[in-house]
Amino acid sequence: MPDPLSRRRFATAVGGALVAAVAAPSLSRAAAATGAATAGSATPAAAATDAYTQQFLTQYNKIKNASNGYFSSTGIPYHSVETLIVEAPDYGHQTTSEAFSFWMWLEATYGRVTGNWAPFNNAWATAEHYLIPSHADQPSNSSYNPSSPATYAPEWPLPSNYPSPLNSSVPVGQDPLANELTSTYGTADIYGMHWLLDVDNKYGYGNTPGTGAEAGPTAAGPSFINSYQRGSQESVWETIPQPTTDLFAYGGPNGFLDLFVKDSSYSKQWKYTNAPDADARAVQAAYWAYRWSTAQGAEGQVAASVAKAAKMGDYLRYSMFDKYFKQIGSCTSATGCAAGSGRSSEHYLLSWYYAWGGAEPGGGWAWRIGDGASHQGYQNPLAVWALSSVSALTPLSPTAKSDWSASLNRQLEFYQWLQSAEGAIAGGCTNSWEGDYGTPPAGTSTFYGMAYDWEPVFHDPPSNNWFGFQAWSMERVAEYYYVTGDAKAKAVLDKWVVWASSKTTVTASSFQIPNNLGWSGQPDTWNPTTPGSNAGLHATVVDYSNDVGVAAAYAKTLTYYAAKSGNSAAAALAKSLLDAMATFADSTGIAVPETRTDYSRFGDTVYVPSGWSGKMPNGDPVAPGATFISIRSWYKNDPSWSKVQTYLNGGAAPTFTYHRFWAQADIAMAYAVYGELLAGGGSTDTTPPSVPTGLVSSNVTSSSVTLTWTASTDNVAVTGYSVYRGTTRVATVTGPAYTDTGLTAATAYSYTVTAQDAAGNTSAASAALAVTTAAATGDTTPPSVPTGLVSSNVTSSSVTLTWTASTDNVAVTGYSVYRGSTKVATVTGPAYTDTGLTAATAYSYTVTAQDAAGNTSAASAALAVTTTAASTGPSCTATYAISSDWGAGFNANVTITNTGTTATKSWTLTWTFPGNQTITNMWNATYTQTGHAVTAGNMTYNNVIAPGGNTSFGFGANYSGTNGLPTLTVKAT
């Protein structure tokens, strides 16, 4: 069976060899090969001063050229120009929230280049009109009960396991967002994009946005539509598309509902599904629009659209909660997994979806669910950072800022937990194994109690095999790193970029990048205090492709990373990829042929339960034995169908050249980003930083020298320094210091330093500094013997040693600490804490001193130390910090640290507020408040705190007057 396409995979494996151009045009020549601009194309841009920004405008013009067919007559971007394409959407003239989010991003980039922000605002207005359900489309949210969000129905692995029975005996948790959102916005409706739209109403349901109707095939314009509903093995080839508003006009007597859910009776209803990665990308696009427009003094032009993004981010928090609002961690049965309250059901990751629905008016009920499965490819630290740190994008709800702040830290941990030994990022985790809160296989590693899953959510094909999810996700990390300089993000990127670069081949007119990955092993169970090395988690490249959409995201990752880190190899690879991609330009965009062997599956059987029968809106029967094509008979009228039919008749697999909207938009943006950050097209900044001054040396040894200098200044910002030894650049650093090692003794060297900014401007070199390393021999005098060795802070497992510093005729460089005859440490100063000792045991310690020439003193007098007896119980301390305070309310975080020698089994924290503070909600702990007195206790998933470890919980509260800090008391068992 050919490798099938995933439900959300928008690019495909390319069959056959790389396409080779007869001649490889230069980027500037390729960029110039454009037709005349047409209606809707780009206006001239004064900022297009480099070939890469010009290539952005060239690609943008192609996308906006009406004759190329990227947009419908109503101004909605299609999934692809071509109609016959089956992947996440099963028809090219459907569209997705993914495509809309890329459109918003494309128009934000256009605004930066041209100063015209009207197209960006239009993209948001179009999304609000067609893709965000209006009140008429979700009419019964006022009947929603946050204390009972939804009735449990287990997920199953196979479509043939459906319909799934509802089970009201399984406990579900409380929704902590609903009341806050309703209070904040004055409506119970959800403000989020539904993921799928039938732009031309091809299926004929007629769920026209803004009507709440099921008007059928005669309805003009776009229609909401739903697709995947039946378990992890349901590929696109096994789906039965169904209406979002099901009024029983089509399907069987109960519409399509009883294909998916088993109940005693059925009601006419509506339902929508949100793709969190798309909404997060929309926020990401709004951040860049806000940042770039602010630099132009035009932030007022985008303020309304940016406010919409902040509102969308408020509701996007539903994706961070377990599907049925059950507690996070250690869920191994549906009935045994406790119902959550407050934030105990929040995992703080962007999951695969959130969904909501309800009865038609008069039905009296509505429901909402989150998702407990999180995929690395959906995380977006830049959007999360913006929602928690940029005032214009901070949602209005009181707890939103703290939710997103916690999510940022959790996402960065998630990447670290999932990074393989090679550098690729593994799949993700789930709070509900196999979708029914099952028990994972013994030994499965966990992330905050959630089980590792190498293929979260869907398995046909495995969800994390596609390299595109690597490129998409790492680009967001790279953008976040570029904006903030976060060292955690840089560490992940450092390793990922080396791995990905080693798997990439580029020539002047072709390229190969990873396509499908293979996975083995698993990450170490996450320990935030001492993360594991993941030595047993491995990724391999199964095959390669020249997927231009993925290559664009990959090039953007490299560009942002290079612009911040100064990594010249990454910058060069980004340029090479972009130059090679330009050789595949055609009149519609930049695309390569794809051989679609998976189109053999047009004849795949679509599971329909025995005894069920119904009809699609065009009359196609839906009954046992139905196939993908039999319930989509209209596909046989497509102009390209003959190629597929020939293949089904035994001929060669068909080849198509697709122009997917998301890919073409990302290609355009890749050129713009490179032009902005590395080719000088982002602004008219031609001013280099000031020349570094004050270059001096210190700590000169026979093999190393430390260099420091006065930091340069720049009209925008200094991004790094290059250090030269003679004419050889030996390092690129971000700060004004560098230690050069591996030098030869008694040798003269000359050093200079230059400074760089983000536009690529480089200062003149500093004045040269001459340095001569110390002689390798000559100093034979050892340091003095360390004296005054004493112990302190003796516990059952550790001891702190201090001593009087030694002296030397040149300099003491370090000390060796011996436990008995074993050297346990080398330190630079006269102190060391030895850990991992056995309780009630005698030890003997000595210390020697060393100098730069390698001379070692005699050992100090021995010190005898006996560790204390083992503790009979844990001992904990707690800290209390206010994370935000807006005058009438605040958020606080409490961290409990186990300072004892045994793990806790439970913990309780008490305090008395000095004022009238009243807690409104608490996450990661239970609580009671009586008057000023508060008692907080552990959840079932964070009761155990290892010695030296800690756990945290937080809460929101109201107050008036002063907000003094309470005194905390911890009791642990």
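Small disclaimer: the values here were computed from a predicted structure and weren't measured.

Asks: Now, about the overall build of the protein chain: what can you tell me, with residues and values included?
Replies: Summing up its helical and strand segments, the protein chain has 15 helices and 42 strands in all. A compact globule built from 973 residues should have a C-alpha radius of gyration of about 30 Å, and the protein chain, at 31 Å, falls within 12% of that. With the principal axes as the frame, the protein chain shows a C-alpha extent of 95 × 70 × 60 Å. Each of the 973 residues in the protein chain was classed as buried or not, and the buried ones make up 56%. Of the contacts made within the protein chain by residues no fewer than 6 positions apart, 73% connect residues no fewer than 24 positions apart. With the model as given, the accessible surface of the protein chain reaches about 34,100 Å², and the carbon-plus-sulfur share is 53%. Distance between charge centroids for the protein chain: 1 Å, based on 44 positive and 62 negative side chains.

Asks: Any details on the sheet that holds strand β25 (residues 737-740)? Residues and values, ideally.
Replies: An order of β21-β22-β25 is seen for the three strands of this open sheet, with the pairing classed as antiparallel. One side of each edge strand has no neighbouring strand; the edge strands of this open sheet are β21 (693-698) and β25. Between one strand and the next, the sheet's axes are offset by a mean angle of 20°, whatever the strand orientation. Two elements, β21 and strand β22 (residues 705-710), share four bridges in a ladder whose sense is antiparallel. Along β22, the bridge assignment pairs Val696 with Thr708.

Asks: Could you give me a rundown of the side chain of Thr706, with the residues and numbers involved?
Replies: Positionally, Thr706 belongs in strand β22. A polar atom in the side chain of Thr706 sits 3.1 Å from the side chain of Thr739. Sequence-distant contacts of Thr706, that is, excluding residues within four places in its chain, are made with Val696, Ser697, Ser698, Asn699, Tyr738 and Thr739.

Asks: Talk me through the pattern of salt bridges; I want residue IDs and the actual numbers.
Replies: Using the criterion set out here, one finds 25 salt bridges in the structure. Residue Arg317 is joined to Asp314 by a salt bridge in which the shortest nitrogen-to-oxygen separation is 2.9 Å. A salt bridge links Asp604 to Arg601; the nearest nitrogen and oxygen atoms lie 2.5 Å apart. Classification of Arg601 as buried rests on a relative accessible area of 4%. Within this structure, Glu180, Asp314, Arg317, Arg343, Glu346 and Asp403 form a network of salt bridges that share partners.

Asks: Go over helix α5 (residues 178-185), please, and point to the residues and values.
Replies: Ala178, Glu180, Leu181 and Tyr185 are the residues of α5 that are buried. One side of α5 holds all its buried residues, which, seen down the axis, span an arc of 165°. Opposite the packed face of α5, turned more than 90 degrees from it, sit the exposed residues Asn179 and Ser183. Buried residues along α5 sit against α7 (299-315) and β9 (366-369). Directly beyond the C-terminal end of α5, a positive phi value near 70° is found at Gly186.

Asks: Describe the pairing of strand β28 (residues 787-792), naming the residues involved and giving the relevant values.
Replies: In terms of strand pairing, β28 meets strand β29 (residues 799-804) through four bridges, oriented antiparallel. Within the sheet, the bridge partner assigned to Thr787 lies in β29 and is Thr804.

Asks: An account of the packing of aromatic side chains is requested, with residue identities and associated values reported.
Replies: According to the stated counting rule, one finds 75 aromatic pairs in the structure shown. Plain terms: the ring middles of Phe100 and Trp103 are 5.8 Å apart, the flat faces sit at 65° to each other, and that makes the pair edge-to-face. One end of the pair, Phe100, and the other, Trp103, are both in helix α3 (residues 97-114), three residues apart, so they sit about a helical turn from each other. As far as burial versus exposure is concerned, Phe100 and Trp103 are alike and both buried. Ring centres of Phe102 and Trp662 lie 5.8 Å apart, and the angle between their planes is 45°; on these two criteria the pair is classed as tilted. Of this pair, Phe102 sits in helix α3 while Trp662 sits in helix α15 (residues 661-677), and the two are 560 residues apart along the sequence. Both residues of the pair, Phe102 and Trp662, count as buried. One aromatic cluster is present, built from ring pairs that chain together Tyr91, Tyr203, Trp237, Tyr599, Phe602, Phe628, Trp634, Tyr635, Trp641, Phe656 and Tyr658. The ring centre of Trp472 lies 5.3 Å from the NZ or CZ of Arg281, which sits over that ring. The positively charged end of Lys311 is found above the aromatic ring belonging to Tyr191, 4.5 Å away from the centroid.

Asks: Help me get a handle on the packing of helix α10 (residues 467-484) against helix α12 (residues 548-565), residues and values and all.
Replies: Contact geometry for α10 and α12: axes closest at 8 Å, N-to-C directions at 25°. By the angle between their directions, the pair α10 and α12 is classed as roughly parallel. Seen from above, α10 lies across α12 with left-handed handedness. Across the interface between the two elements, Phe467, Gly468, Ala471, Trp472, Met474, Glu475, Ala478, Glu479, Tyr481 and Tyr482 of α10 pack against Val550, Ala553, Tyr554, Lys556, Thr557, Tyr560, Tyr561, Ala563, Lys564 and Ser565 of α12. When its residues are assigned to classes, the contact of α10 with α12 shows 13 nonpolar, three polar and four charged.

Asks: Requested: an account of the environment of Val483, with residues and values cited.
Replies: Topologically, Val483 is positioned in helix α10. Residues Val483 and Asn161, spaced 322 residues apart in sequence, show a C-alpha to C-alpha distance of 47 Å. Sequence-distant contacts of Val483, defined by excluding residues within four places in its chain, comprise Tyr287, Trp288, Arg291, Leu382 and Trp385.

Asks: I'd like a rundown of the confidence of the model for the protein chain, residues and numbers included.
Replies: The pLDDT averaged across the protein chain works out to 90; a share of 93% of its residues lies at or above 70. Predicted confidence for residues 1-47 stays below pLDDT 50, and this span has 126 contacts to residues more than four positions away or in other chains.

Asks: Break down the nonpolar core for me, with residues and values.
Replies: Ranked by size, the top nonpolar core spans 206 residues in total, and within it Phe56, Met193, Tyr554, Tyr599 and Phe602 carry the most contacts. Counting residues per element, this core draws most heavily on α15, at 13 residues. Among all residues touching Phe602, those that are not within four sequence positions of it are Leu84, Val86, Trp237, Thr627, Phe628, Ile629, Tyr635, Trp641, Val644 and Leu648. Core analysis: the second largest hydrophobic core is formed by 21 residues, Ala892, Trp907, Leu909 and Phe955 among them.

Asks: Explain the state of the cysteines to me, using residue names and the numbers behind them.
Replies: A complete count under the given rule lists one disulfide for this structure. Paired through a disulfide, Cys331 and Cys337 show a sulfur-sulfur distance of 1.8 Å. On the basis of relative accessibility, which here comes to 1%, the residue Cys337 falls in the buried class.

Asks: Can you break down the sheet that holds strand β38 (residues 918-923) residue by residue, with the values?
Replies: Pairing in this open sheet of four strands is antiparallel, and the strands run β35-β36-β41-β38 from one edge to the other. Where the open sheet ends on each side, the last strands, each with one partner, are β35 (876-885) and β38. Recorded for the sheet is a direction-independent mean angle of 25° between the axes of neighbouring strands. Where β38 meets strand β41 (residues 950-958), five bridges bridge the pair, whose relative direction is antiparallel. Across the sheet, residue Thr918 finds its bridge partner in β41, namely Asn958.

Asks: Can you break down the packing of α3 against helix α6 (residues 276-295) residue by residue, with the values?
Replies: A pair of packed helices is captured by two measures, namely the crossing angle of their axes and the spacing between those axes. Taken N-terminus to C-terminus, the directions of α3 and α6 make an angle of 10°; their axes are 8 Å apart at the nearest point. It follows from the interaxial angle that α3 and α6 lie roughly parallel. Contacts between α3 and α6 involve Ser97, Glu98, Ser101, Phe102, Met104, Trp105, Ala108, Thr109 and Arg112 from the former and Asp277, Ala278, Arg281, Ala282, Gln284, Ala285, Trp288, Ala289 and Trp292 from the latter. Of the residues assigned to the contact of α3 with α6, the class counts are 10 nonpolar, four polar and four charged.

Asks: An account of unusual backbone geometry is needed here, citing residue identities and associated values.
Replies: For the bond from Tyr162 to Pro163, the omega torsion is 10°, close enough to zero to count as cis. The topology assignment puts Pro163 in the loop between α4 (118-130) and β2 (164-165). The peptide bond linking Asp460 to Pro461 adopts the cis configuration, its omega dihedral lying at 0°. Structurally, Pro461 can be placed in the loop between β13 (450-453) and α10. You will see that Glu434, though not glycine, has its phi angle at about 55°, which is positive. Checked against the element boundaries, Glu434 lands in the loop between β11 (428-430) and β12 (446-447). For Val457, which is not a glycine, the phi torsion comes out positive at approximately 80°.

Reading guide: rules and limits
- For every chain, the first residue of the written sequence is number 1, and numbering continues from 1 onward in sequence order.
- In keeping with the model being predicted, local features are shown solely for residues with a pLDDT of at least 70 and side-chain atom pairs are shown and tallied solely at 80 or more, while totals for entire chains, interfaces and linings include all residues.
- Working from all heavy atoms in the structure, the side-chain values ignore hydrogens and water.
- Working definition: helices are DSSP H or I runs of at least four residues, strands are E runs of at least two. Numbering for both runs from the N terminus.
- Each radius of gyration reported is based on C-alpha atoms, and the globular scaling rule is 2.2 Å times the count of residues to the power 0.38.
- When a residue's accessible area, from a 1.4 Å probe over protein chains only, is under 20% of the maximum for its type it is buried; when over 50% it is exposed; and in between it is partly exposed.
- Working rule for contacts: check all heavy atoms of both residues, and any pair within 4.5 Å makes them a contact.
- Only the protein chains shown count as cover for residues, and all accessible areas are computed by the Shrake-Rupley method using a 1.4 Å probe.
- Positive: Lys, Arg. Negative: Asp, Glu. His and the chain ends are not part of the count.
- Charge positions come from single atoms, namely NZ of Lys, CZ of Arg, CG of Asp or CD of Glu.
- DSSP-based pairing: two strands are paired if at least 2 bridges between them are found.
- Between N-to-C directions, angles cover 0 to 180 degrees, with each direction set by a line fitted to C-alpha atoms, over the stretch in contact for helices.
- Any N or O atom pair separated by 3.5 Å or less is treated as a polar contact, with the protein-specific requirement of one donor-capable and one acceptor-capable atom, and with residues adjacent in sequence counted only for side-chain atom pairs.
- In the sections that follow, a salt bridge refers to a side-chain nitrogen of Lys or Arg positioned within 4 Å of a carboxyl oxygen of Asp or Glu.
- Each direction from the helix axis to a C-beta atom contributes to the arc, which is the arc of those directions.
- Within 6.5 Å between ring centres, the rings of Phe, Tyr and Trp (the latter by its six-membered ring) count as paired, and their orientation is classed by plane angle as stacked under 30 degrees, edge-to-face over 60, tilted in between.
- Think of it as a cone above the ring: NZ of Lys or CZ of Arg counts as a charge over the ring if it is within 6 Å of the ring centre and within 35 degrees of the ring normal.
- For classification purposes, an angle smaller than 35 degrees is called roughly parallel, one larger than 145 roughly antiparallel, one from 65 to 115 roughly perpendicular, and anything else oblique.
- Two helices that cross are described as forming a left-handed crossing if the nearer one is turned anticlockwise from the farther one by less than a right angle, and a right-handed crossing if clockwise.
- All residues other than Ala, Val, Leu, Ile, Met, Phe, Trp, Tyr, Cys, Pro, Asp, Glu, Lys and Arg, Gly among them, are scored as polar; the first ten of these are nonpolar and the last four charged.
- Each residue carries a pLDDT value, the predictor's own confidence for that position, ranging from 0 to 100.
- Buried Ala, Val, Leu, Ile, Met, Phe, Trp, Tyr and Cys residues that are joined via side-chain atoms within 4.5 Å together make up what is termed a nonpolar core.
- Here, a disulfide means two cysteine sulfur atoms that sit within 2.5 Å of each other.

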